[in-house]
Amino acid sequence: MTMKKFTHPSALKPVARNIRESVIRSIANAGSGHTGGSLGLADVFTALYFSIMEHNSKAPHWPDRDRLVLSIGHVAPLLYATLAESGYFPKKELMTLRRLGSRLQGHPGRDHGLPGLELSAGSLGHGLSVAVGMAISAKHKKQQWRVFSIHGDGELQEGSVWEAAMSAAHHKLDNLVALVDRNNVQIDGKTDDVMDIEPLAEKWKAFGWKVFQCDGHDFEDILTTYDKAIAVKNKPSVIIARTHMGKGVAEIENDYRWHGKPVAKDQVEKFINALDHEK
Amino acid sequence: MLLIMKNNKRFLNEADKPTRLGFGEGLREAGGVNESVIALGADITGSVNVNLFKKAFPNRFYSLGIAEQNAAGVSAGMALSGLIPVFTTYAVFSAMRTTDQLRISICYNNVHAVIGGAHAGISVGPDGATHQALEDIAVTRALPNMTVFSPCDADQTHLAILAAINKMNGPVYIRFGREKVPNFTGMDYPFHPGKGQLMKEGNDLTIIATGHMVWHALQAAYQMEEKNINARVINIHTIKPIDNEIIIRAAKETGKIVTAEEHQIYGGLGSAITEILSEHYPVPVKIIGMPDSFGESGKPEELMDKYGLTSHNIIKQSLKLLK
Ligand SMILES: [Mg+2]
């Protein structure tokens, strides 16, 4: 039932490059959207959809599919680009992002019927609770599918995240792997300055989670870390992935101003060119 | 107290019973016929009578602690995975602590999750203002996709939770109270979601009530008959989607409306009625409810009396309107 997987890290790199191109083109065409985080998580999404998750774009409602819960709805352009790259819908539809009547809402909205979209979300701090509900359900029904949730580092300032974290450990949800996009920035600036979330690994550990860290741009590291996290028994796992906002386009990397800033139309070719010259 | 309608339905209170018990028994019944029903607890499961379900189906009860926002999100995740979660705690928490989760995780995803709002209204009594939910109707009925039930007695609450689970496909909020109150509709009195109930005929004015206030409305109407005033009484057990037709017909046929609810006068049943009538058939309306104020400690009946949530005040306001 599941799709063909790319097992070798070198095969993932060109996929991530194409997904980044889609992110740049769709946001520039929309004239608004969150560029920085969408580029920064592109390698993680590529690894999940092309190597780790059991899913099938030709059967989006397959009951045993793994669930991707995107809690930070603002990186919707990346989710859409990844779903299109996986074949859930034609890539040309990415050019409808944020337009009236589009299935590609500014933040994900299931009511518009986009295949592969698991959750309407965008108000921060919700996704981990939903992921907990899904993971409890899978266990309750004695099904084998897993839940992969994606969170921002700034998002962890929401108290509801920690309610959810407590409950995931209480219910021993070893079928849940959360990932924190640790890019150290949020809209107002550095997370350290806006509201310090450190010591982060210790916080998750204290809440009863198995904690892993990885380089969010090194496919080998991402894949082996997910393998380890999935293998954990009796407790949920979290991967703190070190990423760079805007990754792939050197001139915007790590610049927090690119959190919510769109690519201008006249920057598109320059940015895509930068992807091809990435070291 | 006995009321006879033209279809011979007799409303007789055989024994007082709290609506929360009707909820708990109904939930247990639903759990017995549908294995997908899951109950979520937020610590006060005994107080909200979810312990009945928990005892009958321990494997289908999940404890989430005093963390209502998370419980609402967990409900969404379960509903998205094909289960039917029922998350119940005091209405001040289940409807208002969680409003953002209700809005996005539950209502925007349009999932079949049932939210129980216990201890609604001022009749909660001595616990005081913090625990008296008086704004929950306003909050929940403003949310797209949400259905809002406000049943009038224990038996109707039993039927309402069954309907929420068996007849609905989207999010449902169901509000009920703490205290023993007259149980007068009977398990054979049908509960149709979205349909108002004509509880008593009458053409001089209409009293439209919800929740505990329906009994008070019936008493008021009965007492007014002694003064040769024939008041119609309508029970709105579904605040949303509301039964426009029965309300507009009452306005056309009786010309004057009194509404009664254990809720703020802003945003609740009275607001819903006036929204409909001002567009379709404006008539004089008096809204009886909490006068834009917090509650306080006291015995339930003392508080109901102080804030005019009594048959006596319904009569007084009706007579004023009829002058
Ligand atoms: Mg960040």
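As the structure is a computational prediction, the values presented were derived from the model and not from experiment. (Residues numbered from 1 in each chain as written. Chains lettered and ligands numbered in written order. Predicted model: local features only at pLDDT ≥ 70, side-chain atom pairs only at ≥ 80, totals over all residues. Heavy atoms only, no water.)

(A) Examining the overall build of chain A more closely. Summing up its helical and strand segments, chain A has 10 helices and seven strands in all. The dimensions of chain A, computed from C-alpha atoms along their principal axes, are 50 × 45 × 35 Å. When burial is assessed residue by residue, chain A has 61% of its 279 residues classed as buried. Restricting the contact set of chain A to residue pairs at least 6 apart, pairs at least 24 apart contribute 76%. With the model as given, the accessible surface of chain A reaches about 11,000 Å², and the carbon-plus-sulfur share is 51%. (Helix = DSSP H or I, 4+ residues; strand = E, 2+ residues; numbered from the N terminus. Buried < 20%, exposed > 50% of the residue type's maximum accessible area, 1.4 Å probe, protein only. Contact = heavy atoms within 4.5 Å. Areas by Shrake-Rupley, 256 points an atom, 1.4 Å probe, with all protein chains shown as cover.)

(B) Representation of the overall build of chain B within the structure. Counting secondary structure elements, chain B contains 12 helices and 16 strands. Scaling as 2.2 N^0.38, a compact globule of 323 residues should have a C-alpha radius of gyration of about 20 Å, and chain B matches this with 19 Å. When its C-alpha atoms are laid out on the principal axes, chain B stretches across 60 × 40 × 40 Å. Looking at chain B residue by residue over its 323 residues, the buried ones come to 63%. Within chain B, contacts between residues separated by at least 24 positions form 78% of all contacts whose residues are at least 6 apart in sequence. Accessible surface, chain B: about 11,800 Å² in total, of which carbon and sulfur atoms supply 49%. For chain B, the distance from the average position of its 30 positive side-chain charges to the average position of its 31 negative side-chain charges is 2 Å. (Rg over C-alpha atoms; globule rule 2.2 N^0.38 Å. Lys, Arg positive; Asp, Glu negative; His and termini not counted. Charge placed at Lys NZ, Arg CZ, Asp CG, Glu CD.)

(C) The arrangement of the coordination of the magnesium ion in detail. All names here are of chain A. Looking at the metal site, the magnesium ion is ligated by Asp 153 (OD), Asn 183 (OD1) and Val 185 (O), spaced 2.1 to 2.3 Å from it. All donors of the magnesium ion come from a single chain, and their spacing in sequence reads D-x29-N-x1-V. Across the pair, exposure class does not vary: Asn 183 and Val 185 are buried alike. (Donors = N, O, S within 2.8 Å, 3.2 Å for Na, K, Ca; no water.)

(D) Quick peek at the sheet that holds strand β6 (residues 210-215) of chain A. Residues and elements named next belong to chain A. With parallel pairing, five strands are arranged side by side in an open sheet as β1-β2-β3-β7-β6. Each edge of the open sheet is held by one strand with a lone partner, namely β1 (67-70) and β6. Averaged over all pairs of adjacent strands, the angle between strand axes in this sheet comes to 20°, irrespective of strand direction. As defined by bridge partners, strand β2 (residues 147-152) adjoins strand β3 (residues 176-182) across six bridges and the pair is classed as parallel. By the bridge assignment for β3, Ile 150 is matched with Leu 179. Contacts from helix α3 (residues 42-52) reach β1, β2 and β3, with the element oriented near 175° to β2. (Pairing = 2+ DSSP bridges. Axes fitted to C-alpha atoms, helices over the stretch in contact; angles between N-to-C directions.)

(E) Representation of the sheet that holds strand β14 (residues 238-240) of chain B. Residue and element names in this part refer to chain B. Reading across the sheet, the seven strands line up as β5-β4-β6-β7-β9-β8-β14 and stay open at both edges, with mixed pairing between neighbours. Where the open sheet ends on each side, the last strands, each with one partner, are β5 (61-63) and β14. Geometrically, the sheet is characterised by an average inter-axis angle of 20° between neighbouring strands, direction not taken into account. Examined bridge by bridge, strand β8 (residues 147-149) and strand β9 (residues 172-175) share three bridges and lie parallel to one another. Bridge pairing in β9 links Val 148 to Tyr 173.

(F) Here's a closer look at the interface of chain A and chain B. Taken together, the contact pairs 29 residues of chain A with 25 residues of chain B. Carbon and sulfur atoms supply 54% of the area that chain A and chain B bury against each other, a total of about 2,100 Å² over both sides. It is His126(A), His140(A) and Glu163(A) in chain A that bury the most area against chain B; as a group they hold 28% of the surface buried on that side. Linking chain A with chain B are zero salt bridges, by the criterion used here. Connecting chain A to chain B are 12 residue pairs in polar contact (both at pLDDT 80 or more). No other element matches helix α5 (residues 127-140) of chain A, which puts eight residues into the side of chain A that touches chain B. (Buried area = accessible area lost by both parts, 1.4 Å probe. Salt bridge = Lys/Arg side-chain N within 4 Å of Asp/Glu carboxyl O. Polar contact = N/O pair within 3.5 Å; in protein donor to acceptor, adjacent residues only side chain to side chain.)

(G) Broad picture of the packing of aromatic side chains. All names here are of chain A. Inspection of every chain in the model, using the stated rule, returns 14 aromatic pairs over all chains. Residues Trp 162 and Trp 204 carry aromatic rings whose centres are separated by 4.8 Å and whose planes lie at 50° to one another, so their mutual orientation is tilted. Of this pair, Trp 162 sits in helix α6 (residues 159-170) while Trp 204 is found in helix α8 (residues 200-206), placing the two residues 42 residues apart along the sequence. A relative accessible area of 13% places Trp 162 in the buried class. By the ring-pair criterion, three or more aromatic residues cluster together here, those being Trp 162, Trp 204, Phe 207 and Trp 209. (Phe/Tyr/Trp six-rings, centres within 6.5 Å; stacked < 30°, edge-to-face > 60°.)

(H) Representation of the nonpolar core in the model. Leu176(A), Trp204(A), Trp209(A) and Leu27(B) are the most contacted members of the largest nonpolar core, which has 107 residues in total. Tallying contributions element by element places α5(A) first for this core, with eight residues. Per-domain counts for this core show at least three residues from each of domain 1 (17-181) and domain 2 (194-322) of chain B. Setting aside residues no more than four positions away along its own chain, Leu27(B) makes contact with Val37(B), Ala39(B), Val50(B), Phe53(B), Val86(B), Ile161(B) and Ile165(B). (Core = buried A, V, L, I, M, F, W, Y, C linked by side-chain atoms within 4.5 Å. Domains from an automatic or database assignment.)

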